Amino acid sequence: MTLCLQVALRLRSRAPVHLASRHVRKLSSLRKAASLPPKKMQSLLYPFSGLEAHLDRSVDRMPFQLFHPSVEDMMEAEKLFCSSPSHRIDYYVSAERMDHAPALKQPEVCFIGRSNVGKSSLIKALFSLIPEVEVRVSKTPGHTKKMNFFKVGKAFTLVDMPGYGHRAPRDFVDMVEPYLYTRENLARTFLLVDGSVGLQKADRIALEMCEETRCPYVMVVTKMDKCGQGALLRNLLNLQDVIKTQTSSCFPQPFLISSVNYWGIHLLRCFIAHVAGSISLKETSKS
Ligand SMILES: Nc1nc2c(ncn2[C@@H]2O[C@H](COP(=O)(O)OP(=O)(O)OP(=O)(O)O)[C@@H](O)[C@H]2O)c(=O)[nH]1
Ligand SMILES: [Mg+2]
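Predicted model only: the values in this text are computed from it and were never measured. Per chain, residue numbering runs from 1 following the sequence as it is written. Throughout, the order in which chains and ligands are written sets their labels, letters from A for the former and numbers from 1 for the latter. Given that this is a predicted model, residues contribute local features only at a pLDDT of at least 70 and side-chain atom pairs are listed and counted only at 80 or more, while totals for whole chains, interfaces and linings are drawn from all residues. Neither water nor hydrogens contribute to the side-chain values; these are computed over all heavy atoms in the structure.

### Considering the overall build of the protein chain
To be explicit about the condition: Where helices and strands are cited, they refer to DSSP runs of H or I of at least four residues and of E of at least two residues respectively, numbered from the N terminus. Exposure classes here rest on a 1.4 Å probe applied to the protein chains alone. A residue is buried below 20% of its type maximum, exposed above 50%, and partly exposed in between. What sets the accessible areas is the Shrake-Rupley method with a 1.4 Å probe; for residues, cover comes only from the shown protein chains.
In terms of regular secondary structure, the protein chain is built from 11 helices and 7 strands. Going through the 287 residues of the protein chain one by one, you find that 55% of them count as buried. Roughly 13,600 Å² of accessible area belongs to the protein chain as shown, and the carbon and sulfur atoms make up 51% of that amount.

Dropping the structure here:
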């Protein structure tokens, strides 16, 4: 982190970021989240807003708010994450190698990151409105061993990847790398980093690989419920600095999420629907 960013961060709060857990079930749906007090609703939908107060005025907020859709846009996106007879959402197939990957035409987004960072949990949270879709998560690193494809009707596909770091570089070389280089319908890669520990060496290797492929990718900061606001902000500003100074294909805005309390999940659903070309944003939305 640059010295400028270090001094710009007022580490006055060590309190963990939290939201009343009894709301957890309800909050997976936007309609129900509307019952929250406005400030809590704002933090749920745009998690950065809850942290902003701890930043010095000199910090540029713009890169954290580039994608700032309206609640109506998020409602529109949420419909895509609800299953219906004409729009089936379900696990489709798994593949161990690229030549086993299904040939699909619809846009695809994939989730990569270190083992245990929360890739499968994020997909589970995105699909929380259709709990019958089984997405397996585990405390044990290295749980997801194949590329798992989930179809969201005919609109797009989500791909859960094995993590690197556990058996790395094996799975990465066998699956993730060839996938990133050759998948023609890949619309966006989401590179997940753990907000409680910040960028690790393995994350930097993944970041370099994403840069090499020149495909557009986005950083997602996970487990924001787990760490104190000070540590989270420090890691976030450091990441923002790396994105600004060392990347060219990365979307400037990192997305903050918690798969436990659904912070940032509605915003991410909307971003995915947007990059997959499934919704058109109203004029107020920036991207
Ligand atoms: N507190 C908290 N824990 C989380 C969050 N997301 C995931 N976890 C926990 O982190 C652990 C790993 O989650 P997974 O989703 O299986 O991680 P993964 O990245 O898919 O891991 P691999 O499949 O091994 O690559 C599980 O114990 C989850 O419950 C989160 O947002 N907050
Ligand atoms: Mg997994």
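### With respect to the nonpolar core
Nonpolar side chains in soluble globular proteins tend to be buried together. Basically, it comes down to this: Here, nonpolar core means buried Ala, Val, Leu, Ile, Met, Phe, Trp, Tyr and Cys residues that are tied together by side-chain atoms lying within 4.5 Å of each other. In this analysis, two residues are considered to be in contact whenever any of their non-hydrogen atoms come within 4.5 Å of each other.
Ranked by internal contacts, the top residues of the largest apolar core, which has 92 residues, are Phe111, Phe127, Leu158, Tyr179, Phe190, Met219 and Ile272. The dominant element in this core, judged by the number of residues it contributes, is helix α11 (residues 265-275), at 8 residues. Contact partners of isoleucine 272, with chain neighbours within four places excluded, come to Phe81, Val109, Phe111, Leu126, Phe156, Leu158 and Phe190.

### Examining the layout of surface pockets
Note the cut-off: Of the grid points, spaced at 1 Å and generated over the protein atoms alone, those admitting a 1.4 Å probe that cannot get out make up cavities, while open sets with protein on both sides within 12 Å along at least five of seven lines make up pockets; any residue with an atom within 4 Å of a point is treated as lining. Grid points are joined across faces, edges and corners, and a volume is the space filled by probe spheres set on the points.
If you add up the space inside the largest pocket, you get close to 810 Å³. Residue lining of the largest pocket: 40 residues in total, with Ser120, Ser121, Lys124, Val137 and Ser259 positioned closest to the centre. Counting only elements with at least two residues in the lining of the largest pocket, the list comes to α2 (24-27), α3 (30-33) and α7 (119-126). In terms of residue count, α7 provides more of the lining of the largest pocket than any other element does, 5 residues in total.

### With respect to the coordination of the magnesium ion (ligand 2)
To be explicit about the condition: Sites may look incomplete because water is not among the atoms; the donors themselves are N, O and S atoms within 2.8 Å of the metal, or within 3.2 Å for Na, K and Ca.
Within the protein, the magnesium ion (ligand 2) binds to Ser120 (OG) and Thr144 (OG1); these donor distances fall in the range 2.0 to 2.1 Å. Within this pair, whereas serine 120 is found in helix α7, its partner threonine 144 is found in the loop between α7 and β3 (147-152), the two being separated by 24 residues in sequence. In this structure, serine 120 and threonine 144 share a single accessibility class: buried.

### Details of helix α9 (residues 201-213)
Applied cut-off: Given the number of residues in a helix, its expected span is that number minus one, multiplied by 1.5 Å.
With 13 residues, α9 should cover 18 Å at 1.5 Å per step; its first-to-last C-alpha distance of 19 Å lies within 8% of that length. Three or more residues of α9 are buried, namely Asp203, Ala206, Leu207, Met209, Cys210, Glu211 and Thr213. Of the residues one or two after α9, arginine 214 is the one with positive phi, at around 65 degrees.

### Structural notes on the packing of helix α6 (residues 71-80) against α11
For the record, the criterion: Note on definitions: angles span 0 to 180 degrees between N-to-C directions of axes, and those axes are lines fitted to C-alpha atoms, for helices only across the stretch in contact. The scheme is simple: roughly parallel for angles under 35 degrees, roughly antiparallel for over 145, roughly perpendicular for 65 to 115, oblique for anything else. Any residue outside Ala, Val, Leu, Ile, Met, Phe, Trp, Tyr, Cys, Pro, Asp, Glu, Lys and Arg is labelled polar, Gly included; the first ten of those are nonpolar and the last four are charged.
Packing of α6 against α11 leaves a shortest axis separation of 8 Å and a crossing angle of 75 degrees. With respect to each other, α6 and α11 are oriented roughly perpendicular. For the pair α6 and α11, contact is made by Asp73, Met74, Ala77, Glu78 and Leu80 and by His266, Leu267, Arg269, Cys270 and Ala273, respectively. Counted by class, the contact of α6 with α11 contains 6 nonpolar, 1 polar and 3 charged residues.

### Re the pairing of strand β6 (residues 217-222)
So the rule is basically this: Two strands qualify as a pair provided that DSSP identifies no fewer than 2 bridges between them. Handedness of a crossover: with both strands directed away from the viewer, a clockwise path from the first strand across the helix to the second marks it as right-handed.
For β6, a buried count of 6 out of 6 residues is recorded, marking the element as mostly surrounded by other parts of the structure. Burial along β6 is two-sided: Tyr217, Met219 and Val221 and Val218, Val220 and Thr222, pointing in opposite directions, are all buried. As paired elements, strand β5 (residues 186-194) and β6 share 6 bridges and run parallel to each other. Bridged to threonine 189 within β6 is tyrosine 217. Taken together, β5, α9 and β6 form a β-α-β motif whose crossover is right-handed. Examined bridge by bridge, β6 and strand β7 (residues 255-256) share 2 bridges and lie parallel to one another. Counted as the bridge partner of valine 221 is leucine 256 from β7. As a crossover connection, the stretch from β6 through helix α10 (residues 229-246) into β7 is right-handed.

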